Amino acid sequence: MPIAPPPGGRRPGGPGGPGPQGGPGRPGVPPRNPGEERTTQMPPVNRPTQREPELITHREPEDEFLMAGVGAGVADDDDDYEYDDEPELTEEEERRLRKKKLWKRVRIGAFVAIGLMILGPVIAVAVAYPLVDWPRPNDIAADQDKTITLLYSDGTEMGKITSPGQNRTMLTYEEIPDTVKNAVMAAEDANFYDNPGFDAKAIVRAVWIQATGGSSGGSGLTQQYIKKATGKEEATITRKFTELVKAYKMSNESDHNTILTAYLNTVYFGRGANGMKAAAQVYYDKEMKELTPSEAALIAGMIQTPSWSEDQEYSKKRWEFVMLQMLQKKWISQADYDARQYPTPLPFEQTQPAGLDGPLARVSQQVQNEIDSQLIGLTMEKAQKVGVTVHTTIDPKMQQAAVDAVNSVMQGQDPELRTSLSAIEPQSGAVRAYYPGKDGLKGIDYAKGTIQEAGSSFKPFDLVAALKMGKGIGDTYDSTPRTIAGVPIRNASNTTCGKECTIRQAMKESLNTVFYDMVASPNGTGTVAVANAAYEAGIPKSVMVDGKAKQLLVGEGGGKPNAGIAIGADNAQVRPFDMASAYATFAARGIYRAPFFVTKIAGPNGDVLYQHVDQPVPAFDPVEEKSRDIADNVTEALKEIPTYSKIGCAGNRECAGKTGTHELDGSIDQNSKAWMVGYTPQLAASVWMGKDAGNVPIKNKEGRAIFGSGLPGQIWKKFMDGALAGAQKEPFAKPKPLGNFNPPRKSEPPPPSNTPSNTPSNTPSSNTPESPTRPTKPTGEPCQGLICPPSNPNTSTSSKPGPGNPTGGRDPGDT
């Protein structure tokens, strides 16, 4: 009986078996003649159960690996089909097989991913498109200019902040000059007219920059309009996707001219200005059509970070970028670009709308600056859209006490004299009174807008540095005039303290020789330690003055300060406001709290948008107890000075403080600045006095030189008495002695004076506790460096650098 071929096997007669041509068979099996029926008994073979032959057209295609000859049951010779034992794959063959299968899966996955990448966003946009709508410019403008209400600390209303663009009309495309349009596109989206609501290249570039650690938004001008108009700026994929779909829909339903017009009517430019028309007014007090290309470029550059509008370094950088973009787009000529000059904006205070006036106008400015700062996490742009209520730290009673004190003491005085008063609550950092000058926004902010030599009011920071290196207020120094570290140093007034003068007594008499020796001698603290002590107390390392960042308490080129810092001269330049903050740290027993003006911001429904949180930090040592001990020892050295200077607090209330003057350059009997800084446990305040011209003499109405214990001291006393009237009298804590504490005997009463105690004289005497520190030259003793006055008072001092004066100019010598 003939044997049927197995499925997939060869039919008899094919290659490898006896066929019509009678080819050789398998080894050991005799060939058979044609037509002869096989009868030979074959040995049993291992075969699968036979089944019906399949039509070739119904067979399933073999696995590609079997087709390639890999796998069991496929004959590789020309014999009749026969099932042999399945051969085992080698390790290399198994590796190749796994690799082929892996790559096959990778290819399939890649094709699926690419498909999803292409089709997914398209489908997502198609689904979201009918569900979103873009904000209309008129609706947005109506919500942008809401009034901000300011409240005193007791909840009564202080005043309101209005927007420069309030009740504005919407401009048409034709009313906006090309200069403005080009500047804004150059700043934010130079290819605006070439994209469909978004710039795909910019988005890809932004993704790459962010993935590599940079920062970039990638938003085109249309997307920015959507973001600014909706007020949604959270860094999420959902927000970004929705913004993109809205921008795409806006582009489809309107044209580029309409979008650009909407943007220019509503975008925030800083200084409280929404829209380019208002921005032109608050930056240059001009109509928009009058702006030069350079002015338009500066305003447009502020769109990116409007809260930095007063940072001159930042605005210059942005202005340069916009001008270059305008040149590259041929919107200005090369000649215009080469002739460019930075268009300095008008001072902020000159361009703001009428509202609060006098000192409270400056309070309003400080509130706005604080809202725009990163500390609060809000912006004036958002605050104006919402119409918030701001709870400030200003105490109405203390603010009025500041105004009354200045007005009372300064009545009839030289009208060119300028003064400031800042008061801070030590236990919170809250600014309770702020008098930066009588002219409000029309003048200079003399509390935070100027830096001045602090004179002897800086000496407590010398003491902090000394205490930290193991000294005590009982340690003694030679107080006689002598040469220290190569520089002749003398005191401003006669003293009987002698060669063993305690630091405590030297602080009370403000003896230059002791503090210069304490800092500048080979065994002294060094100037860097003094600067660090001031930083720790609350003097910032840099501040903004006239739109520029200014480093404080550093020498030339940012190096260490020279020895003049020991007696409050040369590099000891600070803002009066910061001195109040630093002395508040002493009052708070060594705990620093950053000063602030805003306690809470509430929305129109009363919802709290911001709440100040107390963040106390040990100032002088990470260990709170050590920082407290240092501050208490400083207070111990300062608490006799107000009474000694005849400006003590009323009703025997305990208070501490230090006077200071900076002597007029080239003069030995006139001063150019005067200070009084002091505190009780409940309140710290600083008073500064000087003139706009700087190096000019300051005199009272009797024509006498003004010292710290004079007009500034009188203002300080009158303010403290009024601000604390009715408040509980709190004593200072008893200090834990540090180093050689050596408490001296109870100090003697102040020397007799013909001047009534409540009206101290400005005339210095041999016993005047605070007088100019520039020393007088003893007869027959040579002067070195720049400590001594010139032989001719009408000639300026030498600018030659010398010991203790590495920067040249006048060397320290004033209190």
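Just so you know, these numbers come straight off a predicted model, no measurement behind them.

K.L.:
Can you tell me about the overall build of the protein, naming the residues and giving the values?
P.N.:
Along the protein, the regular secondary structure elements total 24 helices and 20 strands. For the protein, the accessible area works out to roughly 39,700 Å², and carbon and sulfur atoms hold 51% of it.

K.L.:
Account for the pairing of strand β12 (residues 548-551), with residues named and values stated.
P.N.:
Inspection of the sheet shows strand β11 (residues 542-545) paired to β12 by four bridges, in the antiparallel sense. Among the inter-strand pairings, Val545 is bridged to a residue of β12, identified as Lys548. Counting the residues between successive antiparallel strands, the hairpin from β11 to β12 contains two residues, one of them, Asp546, with a positive phi of roughly 55°.

K.L.:
Can you tell me about helix α4 (residues 178-188), naming the residues and giving the values?
P.N.:
With nine of eleven residues buried, α4 lies mostly within the body of the structure. All buried positions along α4 are accounted for by Val180, Lys181, Asn182, Ala183, Val184, Met185, Ala186, Ala187 and Glu188.

K.L.:
Can you explain the environment of Tyr592? Please cite residues and give values.
P.N.:
By the element assignment, Tyr592 lies in strand β14 (residues 591-592). Here Tyr592 is in contact with Glu536, Ala537, Gly538, Ser581, Thr585, Gln615, Pro616, Val617 and Ala619, once residues within four sequence places are set aside.

K.L.:
Give me the state of the cysteines: which residues, what numbers.
P.N.:
Throughout the structure, instances matching the rule amount to one disulfide. With its sulfur 1.8 Å from that of its partner, Cys497 forms a disulfide with Cys501. Between Cys497 and Cys501 the disulfide shows an S-S torsion of about 90°. By sign, it is right-handed. Note on accessibility: Cys497 and Cys501 belong to one class, buried.

K.L.:
Could you give me a rundown of the sheet that holds strand β3 (residues 389-392), with the residues and numbers involved?
P.N.:
On the basis of which strands lie adjacent, the open sheet formed by five strands has the order β2-β1-β3-β15-β16 and mixed pairing. At either margin of the open sheet sits one strand with a lone partner, and together these are β2 (157-161) and β16 (608-611). Each strand axis lies, on average, 20° off the axis of its neighbour in the sheet, ignoring direction. Judged from the three bridges that link them, strand β15 (residues 598-602) and β16 form a sheet pairing that is antiparallel. Opposite Ile601, over in β16, you have Tyr610 as the bridge partner. Running at roughly 65° to β2, helix α14 (residues 359-372) makes contact with β1 (148-151), β2, β3 and β15 of the sheet.

K.L.:
I'd like a description of the pattern of salt bridges, backed by residues and values.
P.N.:
Applying the stated criterion to the full structure yields 25 salt bridges. Two residues, Lys691 and Asp414, come together in a salt bridge whose shortest N-O distance is 2.8 Å. A residue pair is termed long-range when its members are at least 10 positions apart, and Lys691 in the loop between β20 (684-690) and α24 (711-723) and Asp414 in the loop between α16 (396-410) and β4 (418-424) qualify at 277 residues. The shortest N-O distance in the salt bridge between Arg432 and Glu425 comes to 3.2 Å. In this structure Arg432 comes out as buried when scored by relative accessible area, which is 16%.

K.L.:
Outline a negative patch on the surface, listing residues and values.
P.N.:
Taken together, Glu88, Glu91, Glu93 and Glu94 make up a surface patch of like negative charges. By the secondary structure assignment, Glu88 is in the loop between α1 (64-67) and α2 (91-128).

K.L.:
I'd like to hear about the environment of Ile376, residue by residue, with values.
P.N.:
Along the chain, the position of Ile376 falls in the loop between α14 and α15 (380-386). Here the alpha-carbon distance between Ile376 and Ile601, two residues 225 residues apart in the chain, equals 9.5 Å. Setting aside chain neighbours within four positions, we find Ile376 in contact with Glu370, Ile371, Val598, Ile601 and Tyr610.

K.L.:
Which residues make up the packing of helix α9 (residues 276-284) against helix α10 (residues 293-301), and what values do they have?
P.N.:
Relative orientation of the contacting elements α9 and α10 amounts to 105°, with a least axis distance of 11 Å. What the angle tells us is that α9 and α10 run roughly perpendicular. Contact residues: Met276, Ala279, Ala280, Tyr283 and Tyr284 in α9; Glu295, Ala296, Leu298 and Ile299 in α10. Tallied by class, residues from the contact of α9 with α10 come to eight nonpolar, no polar and one charged.

K.L.:
How would you explain the nonpolar core if you had to name every residue and give the values?
P.N.:
Among soluble globular proteins, nonpolar side chains are generally buried collectively. Ranked by size, the top nonpolar core spans 94 residues in total, and within it Phe458, Phe461 and Leu553 carry the most contacts. At eight residues, helix α21 (residues 576-587) tops the list of elements feeding residues into this core. Residues in contact with Leu553, not counting those within four places in the same chain, are Phe458, Ala531, Ala534, Tyr535, Ile539, Pro561, Ile565, Asn571, Ala572, Gln573 and Val574. Of all hydrophobic cores here, the second largest spans 49 residues; its members include Ala279, Leu298, Trp319 and Met326.

K.L.:
Lay out the packing of aromatic side chains with the relevant residues and their values.
P.N.:
Inspection of every chain in the model, using the stated rule, returns 14 aromatic pairs. Between Trp319 and Tyr342, the ring centres sit 5.7 Å apart and the planes meet at 80°, which makes this aromatic pair edge-to-face. In this pair, Trp319 is assigned in helix α11 (residues 312-328) and Tyr342 in the loop between α12 (334-338) and α13 (348-351), connecting sequence segments 23 residues apart. The two residues Trp319 and Tyr342 agree in class, both being buried. Arranged with centres 5.6 Å apart and planes meeting at 65°, the rings of Tyr583 and Phe586 form a pair that is edge-to-face. Of the two residues, Tyr583 and Phe586 are both situated in helix α21; the distance of three residues between them amounts to about one turn of the helix. Each member of the pair, Tyr583 together with Phe586, is buried.

Definitions and limits used
Residues numbered from 1 in each chain as written. Predicted model: local features only at pLDDT ≥ 70, side-chain atom pairs only at ≥ 80, totals over all residues. Heavy atoms only, no water. Helix = DSSP H or I, 4+ residues; strand = E, 2+ residues; numbered from the N terminus. Areas by Shrake-Rupley, 256 points an atom, 1.4 Å probe, with all protein chains shown as cover. Pairing = 2+ DSSP bridges. Buried < 20%, exposed > 50% of the residue type's maximum accessible area, 1.4 Å probe, protein only. Contact = heavy atoms within 4.5 Å. Disulfide = S-S within 2.5 Å. Axes fitted to C-alpha atoms, helices over the stretch in contact; angles between N-to-C directions. Salt bridge = Lys/Arg side-chain N within 4 Å of Asp/Glu carboxyl O. Patch = residues over 30% accessible without salt bridge, like charges linked within 9 Å, V, L, I, M, F, W, Y side chains within 5 Å. Lys, Arg positive; Asp, Glu negative; His and termini not counted. Charge placed at Lys NZ, Arg CZ, Asp CG, Glu CD. Parallel < 35°, antiparallel > 145°, perpendicular 65-115°, else oblique. Nonpolar A, V, L, I, M, F, W, Y, C, P; charged D, E, K, R; others polar. Core = buried A, V, L, I, M, F, W, Y, C linked by side-chain atoms within 4.5 Å. Phe/Tyr/Trp six-rings, centres within 6.5 Å; stacked < 30°, edge-to-face > 60°.

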